[in-house]
Protein chains: 2
Amino acid sequence: MKTFKDSVKVGIDDMVAYIPGIYLPIEALAQARHIEYAKLNKGLGLTSMSYPDAHEDAATMAANAIRRLIEQNGISPQQIGRIYMGTESALDGSKPTASYVLGMLSQYFEEDFGNDCFRNCDVVDLTFACIGAVDAMQNTLDWVRGGEDRVGIVVGSDIAKYDLVSTGEYTQGAGAIAMLIKKAPRLIAFESDWGVSCKSVHDFFKPKRKYNKADIINEVLDMAGITSTTAEELLNRLNGHLEGKGIISMSDKAVYLHKDTPVFDGPYSNDCYQARIKEALQHFADQAQLETDEAITDNWRRLIFHLPYAFQARRMFSEIYLEESKKRGDFEELLKETGIGEPQEEQFETLKDFQKAKGQFLRAITKTARYRQFVQEKIEKGERASSQVGNLYTSSIFLSLMSTLEADLEANVALEGQLFGFFAYGSGAKSKVFEGEVQPGWKEVVSRFRLMNGLSDRKAIKYSTYEQLHRAEATESVQKPQNEFAVVGIHEERDDQEGARTYKWVAKVVEKRGAHV
Amino acid sequence: MKTFKDSVKVGIDDMVAYIPGIYLPIEALAQARHIEYAKLNKGLGLTSMSYPDAHEDAATMAANAIRRLIEQNGISPQQIGRIYMGTESALDGSKPTASYVLGMLSQYFEEDFGNDCFRNCDVVDLTFACIGAVDAMQNTLDWVRGGEDRVGIVVGSDIAKYDLVSTGEYTQGAGAIAMLIKKAPRLIAFESDWGVSCKSVHDFFKPKRKYNKADIINEVLDMAGITSTTAEELLNRLNGHLEGKGIISMSDKAVYLHKDTPVFDGPYSNDCYQARIKEALQHFADQAQLETDEAITDNWRRLIFHLPYAFQARRMFSEIYLEESKKRGDFEELLKETGIGEPQEEQFETLKDFQKAKGQFLRAITKTARYRQFVQEKIEKGERASSQVGNLYTSSIFLSLMSTLEADLEANVALEGQLFGFFAYGSGAKSKVFEGEVQPGWKEVVSRFRLMNGLSDRKAIKYSTYEQLHRAEATESVQKPQNEFAVVGIHEERDDQEGARTYKWVAKVVEKRGAHV
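Caption draft 1: Fine view of the relation of the copies chain A and chain B. Screw-axis analysis of chain A against chain B gives a translation of 0.0 Å along the axis, an RMSD of 0.0 Å, and a rotation angle of 180 degrees. These values place the two chain copies in the arrangement generated by a two-fold rotation axis. Comparing contact sets, 100% of the residues at the interface of chain A also lie at the interface in chain B, consistent with an isologous, same-surface contact.

Caption draft 2: Representation of the sheet that holds strand β11 (residues 209–212) of chain B within the structure. Taken in spatial order, the four strands make up an open sheet running β11(A)-β12(A)-β12(B)-β11(B), and their pairing is antiparallel. A strand with exactly one partner marks an edge of an open sheet, and here the two such strands are β11 (209–212) of chain A together with β11 of chain B. Adjacent strand axes in the sheet meet at a mean angle of 45 degrees, parallel and antiparallel pairs treated alike. Here four bridges tie β11(B) to strand β12 (residues 254–258) of chain B, and the two strands are oriented antiparallel to one another. Its bridge partner being in β12(B), R209(B) is matched across the sheet by L257(B).

Caption draft 3: Main features of the environment of A65(B). When you line up the elements, A65(B) lands in helix α3 (residues 58–72). Setting aside anything within four residues of it in sequence, one finds A65(B) in contact with V16(B), Y18(B), A176(B) and A178(B).

Caption draft 4: Region of interest: the sheet that holds strand β2 (residues 22–25) of chain A. Residues and elements named next belong to chain A. Pairing is mixed across the open sheet formed by three strands, whose spatial order is β3-β2-β17. Two strands lie at the open edges of the sheet, namely β3 (48–51) and β17 (459–460), each paired on one side alone. For β2 and β3, the ladder comprises four bridges, and the chain directions are antiparallel. Its bridge partner being in β3, L24 is matched across the sheet by M49. On the sheet, helix α1 (residues 26–33) packs against β2 and β3 and is oriented at approximately 50 degrees with respect to β2.

Caption draft 5: Spatial organisation of the interface of chain A and chain B. Contact residues are listed per partner, giving 100 residues for chain A and 100 residues for chain B. For the pair chain A and chain B, the summed buried area comes to about 8,600 Å², and 53% of that belongs to carbon and sulfur atoms. The interface formed by chain A and chain B includes 14 salt bridges. The closest approach of N and O atoms between K210(A) and E492(B), which form a salt bridge, is 3.3 Å.

Caption draft 6: How the structure looks around the pattern of salt bridges. Under the criterion given, the structure shown has 72 salt bridges over all chains. Residue E498(B) pairs with R209(A) through a salt bridge whose shortest N-O separation is 3.7 Å. Note that E498(B) is positioned in the loop between β18 (484–490) and β19 (501–506) and R209(A) in strand β11, a pairing that runs across two chains. Residues E498(B) and R209(A) agree in their burial class; the two are buried. Across the salt bridge formed by D135(B) and K432(B), the nearest N and O atoms sit 2.6 Å from each other. Here D135(B), found in helix α5 (residues 132–145), pairs with K432(B), found in strand β16 (residues 430–438); they are 297 residues apart in sequence, far enough to count as distant. Here the two residues D135(B) and K432(B) agree in accessibility, since each one is buried.

Caption draft 7: Seen up close, the packing of aromatic side chains. Scanning the model with the defined rule gives 54 aromatic pairs over all chains in all. Their ring planes at 70 degrees and their centres at 4.6 Å tell us that Y108(A) and W505(A) sit as a pair that is edge-to-face. Placement of the pair is Y108(A) in helix α4 (residues 97–113) and W505(A) in strand β19 (residues 501–506), with a sequence separation of 397 residues. Overall, the relative accessible area of 21% leaves W505(A) in the partly exposed class. Look at Y321(B) and F374(B): their rings are 4.8 Å apart centre to centre, the planes differ by 55 degrees, and that puts the pair in the tilted class. In this pair, Y321(B) is assigned in helix α10 (residues 318–328) and F374(B) in helix α13 (residues 369–378), connecting sequence segments 53 residues apart. The pair formed by Y321(B) and F374(B) is uniform in burial state, with each residue classed as buried. Grouped by ring-pair contacts, the aromatic residues F284(A), W300(A), F305(A), F317(A), Y321(A), Y371(A), F374(A) and F423(A) constitute a single cluster. A cation over an aromatic ring shows up here: K95(A) above the ring of Y100(A), its NZ or CZ 4.7 Å from the ring centre.

Caption draft 8: Looking closely at unusual backbone geometry. All names here are of chain A. Of note, the bond from G428 into A429 is cis; its omega dihedral lies within 30 degrees of zero at 5 degrees. Tracing the backbone through its elements, the reader meets A429 in the loop between β15 (419–426) and β16 (430–438). In this structure, H34 takes a positive phi of about 55 degrees despite not being glycine. Mapping H34 onto the fold places it in the loop between α1 and α2 (37–44). A positive phi is found at Y393, a non-glycine position, where the angle reads about 55 degrees.

Caption draft 9: Molecular detail of the packing of helix α14 (residues 380–389) of chain B against helix α15 (residues 396–410) of chain B. Residues and elements named next belong to chain B. In contact at an axis separation of 6 Å, α14 and α15 are set at 120 degrees when each is read in the N-to-C sense. Viewed along their axes, α14 and α15 adopt a mutual orientation that is oblique. Between α14 and α15 lies a crossing whose hand is right-handed. For the pair α14 and α15, the contacting residues are K381, G382, E383, R384, A385, S386 and V389 in the first and L399, S400, S403, T404, A407 and D408 in the second.

Caption draft 10: Inspection of helix α13 (residues 369–378) of chain A at higher detail. All names here are of chain A. Where α13 is concerned, the buried positions are Y371, F374, V375 and K378. Down the axis of α13, the smallest arc covering the buried residues is 100 degrees, so these residues share one side. The exposed set on the far side of α13, more than 90 degrees from its buried face, consists of A369 and R372. Considering only its buried residues, α13 is in contact with β14 (302–305), α9 (312–316), α10 (318–328), α12 (351–366) and α14 (380–389).

Rules behind the numbers
Residues numbered from 1 in each chain as written. Chains lettered and ligands numbered in written order. Predicted model: local features only at pLDDT ≥ 70, side-chain atom pairs only at ≥ 80, totals over all residues. Heavy atoms only, no water. Least-squares fit on C-alpha atoms with pLDDT ≥ 70 in both. Contact = heavy atoms within 4.5 Å. Pairing = 2+ DSSP bridges. Helix = DSSP H or I, 4+ residues; strand = E, 2+ residues; numbered from the N terminus. Axes fitted to C-alpha atoms, helices over the stretch in contact; angles between N-to-C directions. Buried area = accessible area lost by both parts, 1.4 Å probe. Salt bridge = Lys/Arg side-chain N within 4 Å of Asp/Glu carboxyl O. Buried < 20%, exposed > 50% of the residue type's maximum accessible area, 1.4 Å probe, protein only. Phe/Tyr/Trp six-rings, centres within 6.5 Å; stacked < 30°, edge-to-face > 60°. Lys NZ or Arg CZ within 6 Å of the ring centre and 35° of its normal. Parallel < 35°, antiparallel > 145°, perpendicular 65-115°, else oblique. Left-handed = near helix turned anticlockwise from the far one by under 90°. Arc of directions from axis to C-beta.

Written as structure tokens, this is what we have:
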């Protein structure tokens, strides 16, 4: 058994999840898309997906989580040395979303703490798909270690939005998780040696989408029955006379579209996830200088994953489980349970055939009582919130941690001193595998999470409302903002403030709003 | 005199600048825009602006700089624990530009170092306008401090592009700077206490630009003489039938445009720069626990700035210079030289009048022999490369450092053990002020920079070529890529690889290319 070796303990002292107050039941989406609900519910573990209301974006969600984190811990803004943000839902290509968050928090706290209470707070965005907040945390842990009395906040905030009718649609979700990072943390402490694996791939990304202006014009004119020769002439006139004025009249031949939704290949992304975490785990093991015959996951009471959908980890962890069982020495028993032998490459004529057989074998493992027991013990508690929320991108792994701890508190499990293994993944692609130790103060902290209770207080929306929100056609919020930050305006004039976003704190108006998590 | 207090020295061991091989003389731009050249050259210090060739982007420039850094230091890819990138010219909203860089480097080094030689290298993008690479460096310094034998690379890479005919156009530039970060660095070591100031403002940003599809259609149809009732009908038909197919037929009512160029307010951004560095300097002083009557800049042999244009620092540093002269005790002499008294707020009826008078006074300071001497001694060497290159955004401050060191080496200045003060700024807005100590090995390292020599080897382009490149209408590179990474394709089909970028290393073909810096 491995013991925790870092002398100065640094880690997460407290966590707050902000999940939007509305959600779409997966059953409603399944109906609208003519998908069998059981496929999504029993197959992928999906029950509902949180959806941002009309007044919410990645910045408001982050600010909402951080505000509560600061208040419930009674810390002053001046104590907070940094707010590091992981997001792939950035609102700007230059100004970090974290700066918008800072703006909201400054507004909120200035009455009690003075005008510039966040003046010396260092904020920045880290971008690497779903792993950005983990990167933010790792760097903040290093920063806290490096000085006296340093307190930092790490926040992940995202809207996991996919195109309507796309195969990613049912894995949407939205929310933010904020974490207080300090020495002698009450919740969980992390060691400084992490495993990492990185490779440039295109499994999921958000490129600029190029559109030729001539094509746009032709498309419109075509609908109006006008020939493309005329279109060419029109384009030239527009370019000549309207330089810089609008989309059609921009100087370049092409325009680049920003879309919140990704370009992606789901099955390929699963493969990348699986390959990267395997490599990162190996790297972790190399650094931890474990015995070669040691089953690393045996050291870990719980496994905490990035979960694009609730059952992602249990579906794809069987490969590592298989390798571990060989080290542990119960491979023969496992084999007996699967009822089929492990396919060897030399038995097959093509690599494809081998891979297919390997896939079948790994799926067979997931059906063994042994593996199910392993999932139940080490993974399942982390899935519970994900089932209710969907994918949070950068915060997903931290939601899994909160979900696990809350479930363990409820089940009265003794976790103090126990080690957790973390498996983070970001498309594009990178994985990090690292280890945390549950701290003596965990119960007190977790008892305030109110995670599952908060989720059950949310309001369900109808499919039609969801579609309206998705198309950004909803002019009003489903639930009026109360005791939360809200987007109040986006400057639309084509001047030197074009696109500037304004926010404000909306105090509670009438009655208690249950939807706040 | 302050002494350097950190025991373990961590800092920049080596630096490489990659500047594109072509540039536009500012004189050519001045002519095309009917601006007096002297205003740009004598007024702002601009001589030429580097411009990316058709095959270049933020990823190729970064990869080019890092490749040389790795090779000239004889390090193996496996030794490099991280490549942290600062950029505001990101190619994707989810997949970090650093991952593209990793892809190119992996390709290049796999022959000598094996297939997955960068497998365990941690890469990520940090976004905060022009200060992202400084953030990347600060975090990498912390990371190097926290373990044995850690070696990291930090790279800033940007294309500072403004709209044609905009007031920012003459401050464009392009390039990347890569830095090797390790313990016992040969070049410059940094302390771990940094000053920071942060405030959410909109001085310069790159928002999503919203365009209503109905407006686009109306604009086109208007040119074709078709009434907008028909347009409304067309829009509905398009939405109904062509869901998800193209720009006009996207499901949402509006489309969001990505533009590489910013929304900005130049004078306001200058004010923000000035306010933030003043606050960050104060924060630095608080942490360094200096005597209240100590003129901090007296400790610093050179001042290294983020330079949006070459003379930015000398133009706006007079306010801090004024405050420092009061501490130093030569305020009366300074006052005598300006010939006017320092305006006091109570002398003026309105704040505006006071600010105007204060501005005049600060400008008068910049004209004193005393201040000019200060600029010449502490700032001017850092401006030299900027004059030839333009704004590099995230790398600008590091270009200023390289420029200073190379000029000092040439002038045979004894810098070992000298302290430099750094003033970083990123719009949106944040400043960091920090301190570095020149290390004994600096001369050997700087002698390989070949910065100014490399710049003089570049090829000038004509205004018309510049405009073609700016509009992305150039189908061929001005200079064929040689011994460098180049963009070879961007996937244009609307499938699960849409927008994916491919790169390759282009070996030297015929004769020596002089343009490489």
